[in-house]
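Each chain, written out:
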Amino acid sequence: MPYCQPDLDLSPPVSDEIRKTTCYMCACRCGIDVHMKQGKVAYIEGNRDHPVNKGVLCAKGSAGIMQHNSPARLRAPLRRTGPRGSGEFEEISWDEALSLATDWLAPLRAEAPEKLAFFTGRDQSQSFTSYWAQNFGTPNYAAHGGFCSVNMAAAGIYTMGGAFWEFGTPDWDHTKLFMLFGVAEDHDSNPIKMGIGRIKARGARVIGVNPIRSGYNAVADDWVGITPGTDGLFILALVHELMKAGRIDVAYLSRYTNAPVLVNGDSKSPEFGLFLRDADGKPQVIDRNTGKLAAFDAKGVRPDLHATHRAAGVTHRPVMHLLAERYLSPEYAPEAVADRCGITPQKIRAIAAELARVAFEEAFTLDRTWTDFRGETHHTMTGRPVSFHAMRGISAHSNGFQTCRALHILQILLGTVEVPGGMRFKPPYPKPAHIHPRPHSNCAPGKPLDGPHLGYPAGPEDLCLRPDGSPARIDKAFTWENPLSAHGLMHMVISNAHAGDPYRIDTLFLYMANMAWNSSMNTSGVMDMLTDKDASGDYVIPRIIYSDAYSSEMVAYADLILPDTTYLERYDCISLLDRPISEPNAAADAIRWPVVEPDRDVRSFQSALCELGARLNLPGFVTEDGGQKFADYADYIIHHERKPGIGPLAGWRMGEHGLTHGRGAPNEAQLDSYIKNGGFCVQHIPEAAQYYKPWNVAYQDWAVQTGIFDAPQPYIFELYSEPLRRFQRAAEGHGDRQPPDNLRERIKATMDPLPIWYAPLEDGHVDEAEYPVHALTQRPMAMYHSWGSQNAWLRQIHGHNPLYLPTRLFEQHGFKDGDWARVTSPHGEITVPVAHMAALNPHTVWTWNAIGKRKGAWALKEDAPEATRGFLLNHLIHELLPARGDGLRWSNSDPVTGQAAWFDLRVKLEKVPAPAEAHPVIPVQKSPVGQGADTLAWKVGK
Ligand code: SF4
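Residues numbered from 1 in each chain as written. Predicted model: local features only at pLDDT ≥ 70, side-chain atom pairs only at ≥ 80, totals over all residues. Heavy atoms only, no water.

Colleague: Can you lay out the site of the ligand for me, pointing to particular residues and giving the numbers?
Modeller: Lining the immediate environment of the ligand, one finds Cys-23, Met-25, Cys-26, Cys-28, Arg-29, Cys-30, Leu-57, Cys-58, Lys-60, Gly-61, Ser-189 and Asn-190. Those elements giving two or more residues to the shell around the ligand turn out to be α1 (59-62) and α6 (189-201). Among the residues forming the shell around the ligand, the class breakdown is 7 nonpolar, 3 polar and 2 charged. (Near = heavy atom within 4 Å. Helix = DSSP H or I, 4+ residues; strand = E, 2+ residues; numbered from the N terminus. Nonpolar A, V, L, I, M, F, W, Y, C, P; charged D, E, K, R; others polar.)

Written out as structure tokens, the structure is:
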């Protein structure tokens, strides 16, 4: 009998249709293919053509389907009916919701626009939300960068015109040694995983510097388990070793940095420490061709790193002298820093030697001709195959700005920024501080603000101070307390608003920021501030409007909820005006679009703002006859022009001869073109313009042509930061604007124009013997911020979070896995389960952040592990440092940028009997969306 092969269909169609959009399960913005069956989302995979992820999808990305189906999704606008914090609401219509918001906000705009504080969390539409706030006229706007990684961003921009992630990335094609510091796995997630995979396949080495060996550090060839808060000291010891051995790229320093720029060396001169400039204001160098002074960028000039200049009795010395004097000092020798960093001198020397060996002995050239900004043509590009990456781990300390500067200086001394094999910028970066806007804060009734809120001060004249010297902003950004707070201080808004310091506000308007839980320091204190009443029985913060897609802890504290959509139900633009998806060889932007329509009465927050802006008669949101200018966010994306020809999306604009990318008039069909192209647009950089971008004439011309710059902007890297020096000079008693006396010494000490290291400020406020242990949190790779906590798939990976202890502390306290510890800081205590982890700095404990949830939030059941065993370290961290008897309370922030110093935390531990659940136990909130079902099961399609 013949054998019959069954007729198997080995590749059944898995969907009727694929819709290509952009993932939002973390901030990496990977391209996704959303497979649809009968109009419903069936599953999600990576888009193979997408510039960010090239088809790679992580666990979070594929679990987006469960986010979209989450029982915690808000379903309609809500008005609070019970006391704040109770979670008692009634559903109202959008018309009622927007009328209420208009009734609250219109009088503020007419009388005192600063009484609105509008802060957004992790949204990716900041160029839009800031535009709205600017039109409203309040100075009180920022996003969440102040509690995330502003130190990394600001230090990068002040030093070299960009930093990591959206700004820059390793040259994965050529790098041979990759060193990463303090990186949580959620930032630049898929791109780094792919990059590490590629370079390891080529035999390149990875060095991970992190107190905790997890994630990328777990796959590093070499793990350096540094003591928290000492990265800057370690980096400056590497600088010391490289300079001592003469293993620095002298030609690069001379050509592309301010190492040869002359600095006034007369301590009696009012210009002491500032650059010698010509009549046009150009910093001066000595030209090796002539031995004479010349502007740093003069045609054909060859800047001298060594020569000094004496005029009118004042000696001017090149920055290179100051660098040598500072970093050859024995205080940065490996032996001097080893104990403090927890790294042996031998190890420090070995890493310095390896960095130098790879940078200089494995140097290579690419045969590409290019012309620099001084007019010199080069026929090759020299590669130095060492690259770095760093993120919140080194920046969320009170010494983080200077630590990030130190890391950038290390890269520059090795000559490995924007060269083959090194760290490369992504358009619209590089973009140095002096071509960014300055901060603006002048407001007047009924008028827009006088300019963009956020920016990069060049000196005291750019601070946001009122005529009496008090802070102009509720978060005290851009004041003497934190002059370079380029992203604002979201973590101080509620505390300052509650204290009425510097003034009282009326309405707190928040988007996507879980400030009543994991996005705040002092979580319980913040909940109290949000519910506190004054003597007349009114809330101290009178009104709170909040927009979120999910029933987060913060929802219960708002008076009015504007329910947002999920990321699969909305238009978005990932814009070159904001945080695009560019690659080093291309400018790229992308969209999201509604691959499914919402099945609830929700609207994208940005669309709601378009209507609210029109109801409030905001100039940018109404037509000349007073009608609503943008029907919704999609309409804004297509039609808004930031300046003629430049809009939120650069692709498929209307040029003189038809469709074009870059500059062009609005195109009605622009979003359709993006959808047809897979949701993104890429503009490739010509080959001769791909490296040396800050100095490469071809890149500068390309950037002008594509609308990134209006004119070429070549510049040199700032090893020595003159803006910082200007603040220091003010603290020394010069100029019209000087700091209050109580801040003079701190400004002198911390705003050093060359990177320094100082101990985290909490160390000076806390008895280190009583609180000997460092405590950290990290984002889990499988879950992004709080959004994964109601995701049925991701919850199975992290349902609760133990406190991980290193072997030394685990044994010292006699713990077994599953035991419980009381963890106490100067601010509070928590009681939590512990687990042993050997690959951990011996003085450090840590846990995953945002796993712990409040009962009643996120549609979880009250006995969910997130609400019983999960916990937050935030309860132990205060937004102010402990009092130290000087009559002042100092902000727990970096004194330069105001970045929240989450990772300065010190604690003590003790073993305690296991309680029924983790402490503190916060009372249950009522859930405005009920609870999820016991089991979830459905089939999409037949
Ligand atoms: S890395 Fe982030 S953006 Fe990319 S697939 Fe994963 S969750 Fe989505």
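Colleague: Now, about the pairing of strand β23 (residues 507-511): what can you tell me, with residues and values included?
Modeller: The element β23 is largely enclosed, with a buried count of 5 among its 5 residues. Along β23, one buried face is formed by Thr-507, Phe-509 and Tyr-511 and the opposite face, lined by Leu-508 and Leu-510, is buried too. Bridge count between strand β6 (residues 116-120) and β23: 5 bridges; the pairing is parallel. Paired with Leu-116 across the bridge in β23 is Thr-507. Two elements, β23 and strand β24 (residues 543-548), share 5 bridges in a ladder whose sense is parallel. Bridge pairing in β24 places Thr-507 opposite Arg-543. Read as a crossover between parallel neighbours, the route from β23 over helix α15 (residues 523-531) to β24 is right-handed. (Buried < 20%, exposed > 50% of the residue type's maximum accessible area, 1.4 Å probe, protein only. Pairing = 2+ DSSP bridges. Right-handed = clockwise from strand over helix to strand, strands pointing away.)

Colleague: Residue-level account of the pattern of salt bridges, with values.
Modeller: For the coordinates displayed, the defined rule picks out 59 salt bridges. The residue Arg-198 makes a salt bridge to Asp-173 at a minimum N-O spacing of 2.2 Å. A residue pair is termed long-range when its members are at least 10 positions apart, and Arg-198 in helix α6 and Asp-173 in the loop between β8 (168-170) and β9 (177-181) qualify at 25 residues. Given a relative accessible area of 40%, Arg-198 falls into the partly exposed group. Taken together, the shared-partner salt bridges in this structure form one network comprising Lys-176, Arg-205, Asp-222, Lys-347, Glu-354, Arg-357 and Glu-362. (Salt bridge = Lys/Arg side-chain N within 4 Å of Asp/Glu carboxyl O.)

Colleague: I'd like a description of the sheet that holds strand β2 (residues 31-37), backed by residues and values.
Modeller: Taken together, the 3 strands give an open sheet; going across it, the order is β1-β2-β3, and neighbouring strands pair in antiparallel fashion. Two strands close off the open sheet at either side, each with one partner strand: β1 (17-22) and β3 (40-46). Direction aside, the axes of adjacent strands within the sheet are offset by 30° on average. (Axes fitted to C-alpha atoms, helices over the stretch in contact; angles between N-to-C directions.)

Colleague: Residues and numbers for helix α14 (residues 490-499), please.
Modeller: Extensive coverage of α14 is indicated by the burial of 8 of its 10 residues. Where α14 is buried, its residues meet β6, β23 and α15. Residue Gly-500 follows α14 closely and has a positive phi angle near 65°. (Contact = heavy atoms within 4.5 Å.)

Colleague: Give me the lowdown on the environment of Ala-117, citing residues and values where you can.
Modeller: If you trace the backbone, Ala-117 turns up in strand β6. Among the residues examined, Ala-117 registers a relative accessible area of 0% and is labelled buried. Along the chain, Ala-117 and Gly-64 lie 53 residues apart, while their C-alpha atoms are 32 Å from each other. Ignoring sequence-local partners within four residues, the contact set of Ala-117 consists of Asn-140, Ile-474, Val-493, Ile-505, Thr-507, Leu-508 and Phe-509.

Colleague: Quick rundown of the packing of helix α3 (residues 94-111) against helix α16 (residues 605-615)? Include the residues and the values.
Modeller: At their nearest, the axes of α3 and α16 sit 10 Å apart, and the two run at 50° to each other. As summarised for this structure, α3 and α16 are arranged oblique, according to the angle between their axes. Taken as a pair, α3 and α16 cross one another with a handedness that is right-handed. Across the interface between the two elements, Trp-94, Asp-95, Leu-98, Ser-99, Ala-101, Thr-102 and Leu-105 from α3 touch Ala-608, Glu-611, Leu-612 and Arg-615 from α16. The residue makeup of the contact of α3 with α16, split by class, is 6 nonpolar, 2 polar and 3 charged. (Parallel < 35°, antiparallel > 145°, perpendicular 65-115°, else oblique. Left-handed = near helix turned anticlockwise from the far one by under 90°.)

Colleague: Account for the state of the cysteines, with residues named and values stated.
Modeller: Under the counting rule described, the total for this entry stands at 0 disulfides. Cys-148 forms no disulfide, and the closest cysteine sulfur to it belongs to Cys-404, at a distance of 12 Å. (Disulfide = S-S within 2.5 Å.)

Colleague: Could you give an account of unusual backbone geometry, naming the residues involved and the relevant values?
Modeller: Between Tyr-429 and Pro-430 the backbone carries a cis peptide bond, its omega angle lying at 15°. Positionally, Pro-430 belongs in the loop between β22 (423-425) and α14. Residue Pro-502 is bonded to the preceding Asp-501 through a cis peptide linkage, with omega at 15°. Assignment of secondary structure puts Pro-502 in the loop between α14 and β23. We note that Lys-54 has phi near 45°; this positive angle belongs to a residue other than glycine. Mapped onto the elements, Lys-54 comes out in the loop between β3 and α1.

Colleague: Which residues make up the side chain of Thr-129, and what values do they have?
Modeller: By secondary structure assignment, the location of Thr-129 is in helix α4 (residues 126-136). With a relative accessible area of 0%, Thr-129 lands in the buried category. One polar contact links the side chain of Thr-129 to the main-chain carbonyl oxygen of Gln-126, over a distance of 3.5 Å. The contacts of Thr-129, once residues within four sequence positions are left out, are Phe-118, Thr-120, Asp-123, Tyr-141, Phe-605 and Leu-609. (Polar contact = N/O pair within 3.5 Å; in protein donor to acceptor, adjacent residues only side chain to side chain.)

Colleague: Give me the lowdown on the nonpolar core, citing residues and values where you can.
Modeller: By size, the foremost hydrophobic cluster in this structure holds 108 residues, and its most contacted members are Met-179, Phe-181, Phe-234, Leu-355, Phe-388 and Leu-410. Top element by residues in this core is helix α7 (residues 231-244). It accounts for 9 residues. Here Phe-388 is in contact with Phe-164, Pro-170, Phe-178, Met-179, Phe-181, Leu-355, Leu-407, Leu-410, Gln-411, Leu-414 and Thr-416, once residues within four sequence places are set aside. Counting 85 residues, the second largest nonpolar core, distinct from the first, contains Ala-63, Phe-178, Ile-199 and Met-512. (Core = buried A, V, L, I, M, F, W, Y, C linked by side-chain atoms within 4.5 Å.)

Colleague: Summarise the sheet that holds β9; cite the residues concerned and give the values.
Modeller: Across the sheet, 4 strands lie side by side as β11-β10-β9-β21; this open sheet has parallel pairing. Only two strands of the sheet have a single neighbouring strand rather than two, namely β11 (222-224) and β21 (386-390). Here the strands of the sheet are splayed against their neighbours by 15° on average, with no regard to which way each runs. Inspection of the sheet shows β9 paired to strand β10 (residues 205-209) by 5 bridges, in the parallel sense. When the bridges of β10 are listed, Phe-181 appears paired with Val-209. On top of the sheet, α6 reaches β9, β10 and β21; it is set at about 135° to β10, its chief contact.

Colleague: I'd like a rundown of the pairing of strand β16 (residues 314-318), residues and numbers included.
Modeller: Judged by which residues are buried, β16 turns out to be one-sided: Val-314, His-316 and Pro-318 face inward and are buried, whereas Thr-315 and Arg-317, on the alternate face, are not. Of the pairings in the sheet, the one linking strand β12 (residues 262-264) to β16 comprises 3 bridges and is antiparallel in character. Within the sheet, the bridge partner assigned to Leu-262 lies in β16 and is Pro-318. The turn joining strand β15 (residues 309-311) and β16, which pair antiparallel and follow one another in sequence, is formed by 2 residues; a positive phi near 50° is taken by Ala-312.

Colleague: Please give an account of the packing of α14 against α15 that cites residues and values.
Modeller: At their nearest, the axes of α14 and α15 sit 10 Å apart, and the two run at 45° to each other. In terms of their interaxial angle, α14 and α15 are classed as oblique. In the crossing of α14 with α15, the sense of the turn from one axis to the other is left-handed. Touching Ile-494, Ser-495 and His-498 of α14 are Val-526, Met-529 and Leu-530, all from α15. Classifying every residue of the contact of α14 with α15 by side-chain character gives 4 nonpolar, 2 polar and no charged.

Colleague: Any chance you could break down the environment of Gly-85 for me, citing the residues and the numbers?
Modeller: Take Gly-85: it is sitting in the loop between β4 (78-80) and β5 (89-91). Between the alpha carbons of Gly-85 and Met-554 there is a distance of 8.3 Å; along the sequence they are 469 residues apart. In this view, Gly-85 contacts Thr-531, Ala-556, Tyr-557, Arg-854 and Gln-925; residues no more than four positions away in its chain are not counted.

Colleague: So, the packing of aromatic side chains: which residues are in play, and what are the values?
Modeller: Tallying each qualifying case throughout the model produces 42 aromatic pairs. Following the ring pairs from residue to residue traces out a cluster consisting of Tyr-252, Tyr-256, Trp-370, Phe-425, Tyr-692, Trp-695, Tyr-715 and Phe-717. Geometry around Tyr-691 places Arg-424 over its ring, the cationic atom sitting 4.0 Å from the centre. (Phe/Tyr/Trp six-rings, centres within 6.5 Å; stacked < 30°, edge-to-face > 60°. Lys NZ or Arg CZ within 6 Å of the ring centre and 35° of its normal.)

Colleague: Can you lay out the side chain of Glu-553 for me, pointing to particular residues and giving the numbers?
Modeller: Considering the arrangement of structural elements, one finds Glu-553 in the loop between β24 and β25 (560-563). A distance of 3.5 Å separates a polar atom in the side chain of Glu-553 from a polar atom in the side chain of Trp-517. A distance of 3.0 Å separates a polar atom in the side chain of Glu-553 from the backbone nitrogen of Arg-854. Leaving out residues up to four positions away in the same chain, Glu-553 has contacts with Asn-514, Ala-516, Trp-517, Lys-853, Arg-854, Ala-857, Trp-858 and Gln-925.

Colleague: Report on helix α21 (residues 741-750), specifying residues and quantitative values.
Modeller: Inspection of α21 places Leu-743, Arg-744, Arg-746, Ile-747 and Thr-750 among the buried residues, and these make up the whole buried set. Of the surrounding secondary structure, the elements contacted by the buried residues of α21 are α13 (400-413), α20 (722-731) and α22 (761-765).

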